[in-house]
Amino acid sequence: MTDQSRPSRPVILGQNQYGKAENRVVRITRDGDTHHIKDLNVSVALSGEMEEVHYSGSNAHVLPTDTTKNTVYAFAKEHGIESAEQFGIHLARHFVTSQEPIRQARIRIEEYAWERIETSDGDSAPVGADEVKHSFVRKGQETRLTQITFDGERWQVISGLKDLTVMNSTNSEFWGYVKDEYTTLKETHDRVLATEVSAKWRYNWSSDEAPMPNWEKSYGQARKHLLQAFAETYSLSLQQTLYHMGSRIIDSRSEIDEIRFSLPNKHHFLVDLEPFGLKNDNEVYFAADRPYGLIEATVLRDGTEPRIPVDLTNL
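Residues numbered from 1 in each chain as written. Predicted model: local features only at pLDDT ≥ 70, side-chain atom pairs only at ≥ 80, totals over all residues. Heavy atoms only, no water.

A. Representation of the overall build of the protein. Scanning the protein from N- to C-terminus turns up five helices and twelve strands. Expected size for 315 residues packed as a compact globule is a radius of gyration near 20 Å; at 25 Å, the protein overshoots this value by more than 25%. In terms of overall dimensions, the protein has C-alpha extents of about 85 × 70 × 40 Å along its principal axes. Here the protein holds 315 residues, and the buried ones make up 39% of them. When the accessible surface of the protein is summed, it comes to about 18600 Å², and 49% of that surface belongs to carbon and sulfur atoms. Charged side chains of the protein number 36 positive and 48 negative; the gap between the two group centres comes to 3 Å. (Helix = DSSP H or I, 4+ residues; strand = E, 2+ residues; numbered from the N terminus. Rg over C-alpha atoms; globule rule 2.2 N^0.38 Å. Buried < 20%, exposed > 50% of the residue type's maximum accessible area, 1.4 Å probe, protein only. Areas by Shrake-Rupley, 256 points an atom, 1.4 Å probe, with all protein chains shown as cover. Lys, Arg positive; Asp, Glu negative; His and termini not counted. Charge placed at Lys NZ, Arg CZ, Asp CG, Glu CD.)

Quick look at the structure:
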């Protein structure tokens, strides 16, 4: 009988990982009558000494993905969810330190925000309405993101957001660009600038010996500076706006060294109303969802190296 534990041909196993994807966990913290919600989508990817399970099917080094799922829910109870980053750090540390074959854990988390429903005020409030502190409405602005990677010694934390749609109805121009025989776009000195922000920023915290950032405060401040830079930049190009957004965050937050943006240009085209005898004075637009210009770039603190993957795939 031939030994099938290794390929007979010169074929070797490359990068590999396994885990449980998209574990939805909602943690409700009850502080008396006041409740707080953390709503996460947690994906776990583990890698290490996994050659034999691929070559021969031996599961001797395999922690079942069902176990990783159970760990997510157990840790939500045991540790609570202070922040997406802190929860991911607890999970990554556990998998690497408790399972000898596991050399690296990567935890990806999406967080869905809820806000408390404001109850009736004044004399119109029904009896007990001012005591309702357990009703929430799901926020629809953006999804918060984080990715925690731990190899037993060093940490990498990349956080950010996606699906944050923003618009400037003026203070944006686009002119002076290259023109060739296929160019039909007209220059404009007053246009709508809109985009759906996807941003990922890398923290310079990488060791347990250093104090951790305040994850909740850092996210809130990064988001604030991003939005303020978008609103306050007189834009001659979406690239210029992107750079100002990134530099504002890095200048304002010492714990962040790198930020990568993906900004689709959500085009708004003036509608031709002349056939109807009407003048369109930058008032009526057609919002096109595709095709769209896609602007992507990384902004770095001077002296640092880029480490956020250009394309954050499952690899």
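B. Representation of the nonpolar core in the model. Counting 53 residues, the largest nonpolar core has Val 42, Phe 87, Ile 107, Val 197, Trp 201 and Phe 261 as its most contacted members. It is helix H3 (residues 84–98) that provides the largest number of residues to this core, a total of seven residues. Leave out the neighbours within four places in its chain, and Phe 261 touches Val 197, Ser 198, Ala 199, Leu 226, Leu 242, Met 245, Gly 246, Ile 295, Glu 296 and Ala 297. (Core = buried A, V, L, I, M, F, W, Y, C linked by side-chain atoms within 4.5 Å. Contact = heavy atoms within 4.5 Å.)

C. Structural detail: the packing of helix H2 (residues 65–78) against H3. Running from N to C, H2 and H3 point in directions that differ by 130 degrees, and their axes come no closer than 11 Å. Viewed along their axes, H2 and H3 adopt a mutual orientation that is oblique. Remark: the crossing between H2 and H3 carries right-handed chirality. Across the interface between the two elements, Thr 68, Thr 71, Val 72, Phe 75 and Ala 76 of H2 pack against Phe 87, His 90, Leu 91, His 94 and Phe 95 of H3. Residues of the contact of H2 with H3, tallied by class, amount to six nonpolar, four polar and no charged. (Axes fitted to C-alpha atoms, helices over the stretch in contact; angles between N-to-C directions. Parallel < 35°, antiparallel > 145°, perpendicular 65-115°, else oblique. Left-handed = near helix turned anticlockwise from the far one by under 90°. Nonpolar A, V, L, I, M, F, W, Y, C, P; charged D, E, K, R; others polar.)

D. Inspection of the pattern of salt bridges at higher detail. This model, assessed by the stated rule, comprises 18 salt bridges. With a shortest N-O distance of 2.9 Å, Asp 66 and Lys 69 are connected by a salt bridge. Of this pair, Asp 66 and Lys 69 both sit in helix H2, three residues apart, roughly one helical turn. Overall, the relative accessible area of 37% leaves Asp 66 in the partly exposed class. Owing to a relative accessible area of 26%, Lys 69 belongs among the partly exposed residues under this scheme. Glu 111 is the salt-bridge partner of Arg 144, the closest N and O atoms lying 3.8 Å from each other. Here Glu 111 lies in strand S3 (residues 102–112) and Arg 144 lies in strand S6 (residues 143–150), a separation of 33 residues in the sequence. Judged by its relative accessible area of 7%, Arg 144 falls in the buried class. (Salt bridge = Lys/Arg side-chain N within 4 Å of Asp/Glu carboxyl O.)

E. How the structure looks around the sheet that holds strand S1 (residues 23–31). Pairing within the open sheet is antiparallel, and its eight strands lie in the order S1-S2-S3-S6-S7-S8-S9-S12. Strand pairing shows two members of the sheet lacking a second neighbour, S1 and strand S12 (293–300), which therefore form its edges. Within this sheet the neighbouring strands show an average axis-to-axis angle of 20 degrees, counted without direction. Where strand S2 (residues 34–48) meets S3, ten bridges bridge the pair, whose relative direction is antiparallel. Looking across to S3, one finds that Val 44 is bridged to Ile 107. Against the sheet, H3 makes contact with S2, S3, S6 and strand S7 (155–168), and its axis sits at roughly 160 degrees relative to S3, the strand it touches most. Across the face of the sheet, helix H5 (residues 238–252) comes into contact with strand S8 (193–203), strand S9 (256–265) and S12 while running at roughly 155 degrees to S9. (Pairing = 2+ DSSP bridges.)

F. Seen up close, the environment of Gly 80. By secondary structure assignment, the location of Gly 80 is in the loop between H2 and H3. Separated by 18 residues in the primary sequence, Gly 80 and Val 62 have C-alpha atoms spaced 27 Å apart. Apart from residues no more than four positions distant in its own chain, Gly 80 is found in contact with Arg 27, Phe 75 and Phe 87.

G. Representation of the pairing of S3 within the structure. Taking burial as the measure, the eleven residues of S3 include eight buried ones, the bulk of the element. Sheet topology note: the S3/S6 ladder contains seven bridges and is antiparallel. Along S6, the bridge assignment pairs Arg 108 with Gln 147.

H. Seen up close, the side chain of Thr 146. For Thr 146, the location among the structural elements is in strand S6. Classification of Thr 146 by relative accessible area gives buried; the value is 3%. Engagement of the side chain of Thr 146 in a polar contact is seen with the side chain of Ser 159, the distance being 2.9 Å. When residues no more than four places from it in sequence are discounted, the contact partners of Thr 146 are Ala 84, Glu 85, Ile 107, Arg 108, Ile 109, Val 157, Ile 158 and Ser 159. (Polar contact = N/O pair within 3.5 Å; in protein donor to acceptor, adjacent residues only side chain to side chain.)

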